[in-house]
Amino acid sequence: MSLENRGAFIVFEGCDRIGKTTQCRLLVELLKSRDIPVLPMHFPERSSHIGQVINSYLTNSKDLPDEVIHLMFSANRWEHMNQIKQKLLEGNTLVVDRYSYSGVAYSAAKGLDFDWCYAPERGLLKPDAVFYLRAPADDLTNRGEYGKERYEKVEFQGRVAKVFDQICAKEANYWHQLDASQSAEDLHAQVADIAVKLVHRVATQDLDKLY
Ligand code: NYM
Ligand code: MG
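Going by the annotation in an unreviewed UniProt entry, the name recorded for the protein chain is Thymidylate kinase, with Drosophila rhopaloa given as the source organism. UniProt, in the comment section headed Pathway (unreviewed entry), describes the protein chain in these words: "Pyrimidine metabolism; dTTP biosynthesis." The protein chain has a UniProt comment under Sequence similarities (unreviewed entry) that states "Belongs to the thymidylate kinase family."

What follows is the structure in structure tokens.
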């Protein structure tokens, strides 16, 4: 790759326990094995000051108004924007576990206005591709065994999935909806096929912003 080539900005989205973390890991391993420079990321990024507040909220040791935690999640992305831009321009592909769409989906699922939820995301870098992992509704119910964090309830996850579906329909030109009920290997094969082509296709394209 020439010096001007940038990396691809790849995001995984979907409900809790749908398999995003496994797919992120498999994709990072694959790209590494092809000598494509790649870095994993995950939002919320819990190590910053803001990230620590988010962590206290998610683990129920802190309560905050819905609007306030929403803006904290967004601020957590904004505080990493320079770093993300730099890494991409240096030629690293980023494989990111959750992004702005989780921000909108979880808050809108609580009843906050969709457009209000999306507003603070405007101006953030736009992913080149979003892999939206989705399982049929009854499959989600059968997954059971959610963790102890806030939001990890079947009924709430169903509402989150509805908002993700809505976003997926609107952003269809760069969203790839994939069936998460298949095996991790089969799912990975679908992801890999799209991602490898994407890395080459976007290398000479300008970065875009969410608007
Ligand atoms: N979450 C995540 C939000 O509510 N808003 C956001 O902007 C992001 C990035 O955090 N239940 C929620 C979704 C998850 C929770 O994420 C923790 P994870 O990927 O389980 O660490
Ligand atoms: Mg989780």
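Engineer: Describe helix α1 (residues 20–33), and please don't skip the residues or the numbers.
Structural biologist: With 14 residues, α1 extends 20 Å from end C-alpha to end C-alpha; this agrees with the ideal 20 Å at 1.5 Å per step. Buried within α1 are the following residues: Lys20, Gln23, Cys24, Leu26, Leu27, Val28, Leu30 and Leu31. On its buried side, α1 packs onto β1 (9–13), β2 (38–42), β3 (93–97), β4 (129–134) and α9 (184–202). Just beyond α1, the residue with positive phi is aspartate 35, at close to 60°.

Engineer: So, the nonpolar core: which residues are in play, and what are the values?
Structural biologist: In terms of nonpolar packing, the biggest core is built from 43 residues, with Tyr99, Tyr101 and Trp175 touching the most fellow members. Sorting elements by how many residues they give to this core places helix α8 (residues 154–170) first, with seven residues. In this view, tyrosine 99 contacts Phe9, Val11, Glu13, Phe43, Arg77, Met81, Leu124, Leu125, Pro127 and Leu210; residues no more than four positions away in its chain are not counted. Counting residues in hydrophobic clusters, the runner-up holds 26 residues, among them Phe12, Val38, Ala129 and Ala180.

Engineer: Please provide a residue-by-residue account of the packing of aromatic side chains, values included.
Structural biologist: In this structure the tally under the stated criterion is 12 aromatic pairs. Seen in terms of ring centroids, tyrosine 132 and phenylalanine 164 are 5.6 Å apart; in terms of plane orientation they differ by 40°. Their pairing is tilted. Here tyrosine 132, found in strand β4, pairs with phenylalanine 164, found in helix α8; they are 32 residues apart in sequence, far enough to count as distant. Looking at phenylalanine 164, the relative accessible area reads 0%, which means it is buried. Cluster of aromatic residues (ring-pair linked, three or more members): Phe9, Phe43, Tyr57, Tyr99, Tyr101, Tyr106, Tyr132, Tyr151, Phe156, Phe164 and Trp175. The ring centre of tyrosine 57 lies 3.7 Å from the NZ or CZ of arginine 150, which sits over that ring.

Engineer: Which residues make up the pairing of β3, and what are the values?
Structural biologist: With five of five residues buried, β3 lies mostly within the body of the structure. Covered by surrounding structure in β3 are Thr93, Val95 and Asp97 together with Leu94 and Val96, the residues of both alternating faces. With four bridges connecting them, β1 and β3 associate as parallel partners. By the bridge assignment for β3, phenylalanine 9 is matched with leucine 94. Two elements, β2 and β3, share five bridges in a ladder whose sense is parallel. Across the sheet, residue histidine 42 finds its bridge partner in β3, namely aspartate 97.

Definitions and cut-offs
Along each chain, numbering runs from 1 in the same order as the chain's sequence is written. Chain letters and ligand numbers both follow the written order, the letters beginning at A and the numbers at 1. Local features are withheld for residues below a pLDDT of 70 in this predicted model, meaning they are given only at 70 or higher, and side-chain atom pairs are given and counted only at 80 or more; totals for whole chains, interfaces and linings count all residues. For side-chain calculations, the full set of non-hydrogen atoms in the structure is used, while hydrogens and water are omitted. UniProt positions are given in the numbering used here, feature names are shortened, and annotations may be inferred rather than shown by experiment. Strands here are runs of E lasting at least two residues and helices are runs of H or I lasting at least four, both read from the DSSP assignment and numbered beginning at the N terminus. Expected span of a helix: the number of residues minus one, times 1.5 Å. Throughout, exposure labels follow a simple rule: accessible area from a 1.4 Å probe, protein chains only, divided by the maximum for the residue type, with under 20% read as buried, over 50% as exposed, and the rest as partly exposed. Any two residues whose heavy atoms approach within 4.5 Å are treated as being in contact. Only buried residues count toward a nonpolar core. Its members are Ala, Val, Leu, Ile, Met, Phe, Trp, Tyr and Cys residues joined through side-chain atoms within 4.5 Å. Centre distance within 6.5 Å is the pairing criterion for rings of Phe, Tyr and Trp, where only the six-membered ring of Trp is used; planes under 30 degrees apart are then read as stacked, over 60 as edge-to-face, and the remainder as tilted. Any Lys NZ or Arg CZ found within 6 Å of a ring centre and within 35 degrees of that ring's normal is scored as a charge over the ring. At least two bridges found by DSSP between two strands are what make those strands a pair.

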